[in-house]
Amino acid sequence: MAWSNYRRALAILQIITGSFNTLSVKYADQQVVLSEDGQLRHFNHPFMQSSFMFFGEALCFIAFKIFYYYYNRRDDGSVDNNVLTKGSRLFNPFILLIPALCDMFATSIMYIGLNMTYASSFQMLRGSVIIFTGMLSVGFLKRKLKVREWIGIGFVITGLAFVGVSDILTIEDNNISVNSVITGDLLIIFAQVITAVQMVVEEKYVGQQDIPALQAIGWEGIFGFVSISIAIIPLNYITVPPPFADNSRGTLEATKEAFIQIGNNNKLLIAVIGISFSIAFFNFAGISITKEMSSTTRMILDSIRTIIIWIFCLAFQWQVFHYMQLIGFMILLIGMACYNNIGIPQLIRKYQQHLMRYTLAEEEDRIINTAADDVQETI
């Protein structure tokens, strides 16, 4: 498949903005800022971070409307041909409600987990979505997984085990406990179950709709932002122990304190702005790549994002290097490649073909040599 300049731009945009988004969330988590009670506390507000993300996605709807009215007023047919506006605009937006709700729950849970573990592990553990997507596809889409897909799932499970062990072995910060890291990793994996449900629903009900990327993201952002804003209200009154709550009220969320901390720290404000805008560009690039090329290409680019995040975390000493995480990451890549029929299966087939040709050649030589020996004996 030929890579046009537009496709290359989308790939670069997805890698950069996706990496920036994860690092912005983790950077915000690490900020120690004056809170509502005058004490210095970490910015531990995963549900507010989730709302900032959906707010950024909702901005895509405004951007779509601006582009649509601009190209529509030109009255030259460009509104149906431009990459930002082309597609079917006659659809029921509520088909995006369930994916948006899944995204809301999954993102919020992942942000809780990210606050307890490492950013690179967060990104690697998200690869477990392959396991649950495959299982749900069998159950709900009536798919039959191929042998390579089962092999891929096996490799992914093995890689995740290595990543989990490396997280425990690299704990050096006295403020981070083994239980915290394990809980964070498990929360991220659990969130992938919800993400897998989102993917299956999108494939079954949304995949056949040729919805413009900006419009689809915008609607999901609107649904997600409204839903998380409503959910945050009771979360302000549900008390939980640390490390799930690190605010003056001891609740799952403290909205007022979150805004106070943002107002007290310019770095935190920049991180929040980065979360909102980077997720909008990241999702636009991701959906566009899926439409222009395939979901497999999107997943490969997401793996590249994992490498960038890991290198950044090591370079800025957000975590220490451990060889088991490298082994786990390589096994994860092999599993993803097998599952998506990239590279590894092709190499195996080529080796099998080469082995078959070599076996046939040996068999022909044996037959020829046998025939020659028979002739000699006859003579």
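Structural notes, computed from the coordinates. Keep in mind that what you see is a predicted model, and the values were worked out from it rather than measured.

A few words now on the overall build of the protein. From N to C terminus, the protein includes 13 helices and two strands. By the burial criterion, 46% of the 379 residues in the protein qualify as buried. A sequence separation of at least 24 residues applies to 78% of the contacts in the protein between residues at least 6 apart.

Orientation of helix H1 (residues 5-30) relative to helix H10 (residues 266-292), taken along the N-to-C sense of each, is 145°, at an axis distance of 7 Å. The chirality of how H1 crosses H10 is left-handed. When the residues that make up the contact of H1 with H10 are grouped by side-chain class, the tally is 17 nonpolar, nine polar and three charged.

To continue, consider a nonpolar patch on the surface. A cluster of nonpolar side chains, contributed by Phe321, Tyr323, Leu326, Ile327 and Met330, occupies part of the molecular surface with about 480 Å² of accessible area. If you trace the backbone, Tyr323 turns up in helix H12 (residues 323-339).

Further remarks concern the packing of aromatic side chains. Across all of its chains, the model carries 11 aromatic pairs by this definition. Taken together, a centroid distance of 5.5 Å and an interplanar angle of 70° make the contact between Tyr68 and Tyr69 edge-to-face. What makes Tyr69 partly exposed here is its relative accessible area of 49%. Ring pairing ties together the aromatic residues Phe61, Phe94, Trp219 and Phe223, which thus form one cluster. The residue whose ring lies beneath Arg249 is Tyr237, and the NZ or CZ to ring-centre distance is 5.4 Å.

Our next topic: the pattern of salt bridges. Tallying each qualifying case throughout the model produces four salt bridges. Between Arg41 and Asp37 there is a salt bridge whose closest N-O contact spans 2.6 Å. Here Asp246 and Arg41 are joined by a salt bridge, their closest N and O atoms 3.8 Å apart. Linking Asp246 in the loop between helix H8 (213-235) and helix H9 (255-264) with Arg41 in strand S2 (residues 40-42), this pair joins segments that are 205 residues apart in sequence. Here the salt bridges share partners, and the residues they tie into one network are Asp37, Arg41 and Asp246.

Every buried residue of H9 is listed here: Glu257, Ala258, Gln261 and Ile262. Projected down its long axis, H9 carries its buried residues within an arc of 140°, all on one side. Among the exposed residues of H9, those pointing more than 90 degrees away from its buried face are Lys256 and Gly263. Tucked into the core, H9 has its buried residues touching strand S1 (32-34), S2, helix H2 (46-74) and H10.

Turning our attention to helix H3 (residues 97-114). The end-to-end C-alpha distance of H3, which contains 18 residues, comes to 25 Å, matching closely the 26 Å that a straight helix rising 1.5 Å per residue would cover. With 14 of 18 residues buried, H3 lies mostly within the body of the structure.

Turning to the nonpolar core, a few remarks are in order. Judged by nonpolar contacts, the single largest core of 52 residues is most densely connected at Phe47 and Val156. It is H3 that provides the largest number of residues to this core, a total of eight residues. If you look at the next biggest cluster of nonpolar residues, it comprises 18 residues, including Tyr68, Tyr71, Ile217 and Ile289.

Moving on, we get to unusual backbone geometry. Even without being a glycine, Gln317 presents a positive backbone phi close to 55°. Mapping Gln317 onto the fold places it in the loop between helix H11 (295-315) and H12.

What follows covers the side chain of Ser35. Relative to the helices and strands, Ser35 resides in the loop between S1 and S2. Sequence-distant contacts of Ser35, defined by excluding residues within four places in its chain, comprise Arg41, Glu257, Ile260 and Gln261.

Mapped onto the secondary structure, Arg126 falls in the loop between helix H4 (119-125) and helix H5 (129-140). Taking C-alpha positions, Arg126 is 6.9 Å from Ile188, a pair spaced 62 residues apart along the chain. Excluding residues within four positions of it along the chain, Arg126 makes contact with Met110, Ile188, Gln192 and Arg305.

Tracing the backbone through its elements, the reader meets Gly328 in helix H12. In this structure Gly328 comes out as buried when scored by relative accessible area, which is 0%. Residues Gly328 and Thr158 lie 170 residues apart in sequence; the distance between their C-alpha atoms is 7.4 Å. Residues within four places of Gly328 in sequence aside, it is in contact with Gly159, Phe162 and Val163.

Cut-offs applied
Residues numbered from 1 in each chain as written. Predicted model: local features only at pLDDT ≥ 70, side-chain atom pairs only at ≥ 80, totals over all residues. Heavy atoms only, no water. Helix = DSSP H or I, 4+ residues; strand = E, 2+ residues; numbered from the N terminus. Buried < 20%, exposed > 50% of the residue type's maximum accessible area, 1.4 Å probe, protein only. Contact = heavy atoms within 4.5 Å. Axes fitted to C-alpha atoms, helices over the stretch in contact; angles between N-to-C directions. Left-handed = near helix turned anticlockwise from the far one by under 90°. Nonpolar A, V, L, I, M, F, W, Y, C, P; charged D, E, K, R; others polar. Patch = residues over 30% accessible without salt bridge, like charges linked within 9 Å, V, L, I, M, F, W, Y side chains within 5 Å. Areas by Shrake-Rupley, 256 points an atom, 1.4 Å probe, with all protein chains shown as cover. Salt bridge = Lys/Arg side-chain N within 4 Å of Asp/Glu carboxyl O. Phe/Tyr/Trp six-rings, centres within 6.5 Å; stacked < 30°, edge-to-face > 60°. Lys NZ or Arg CZ within 6 Å of the ring centre and 35° of its normal. Arc of directions from axis to C-beta. Expected span 1.5 Å × (residues − 1). Core = buried A, V, L, I, M, F, W, Y, C linked by side-chain atoms within 4.5 Å.

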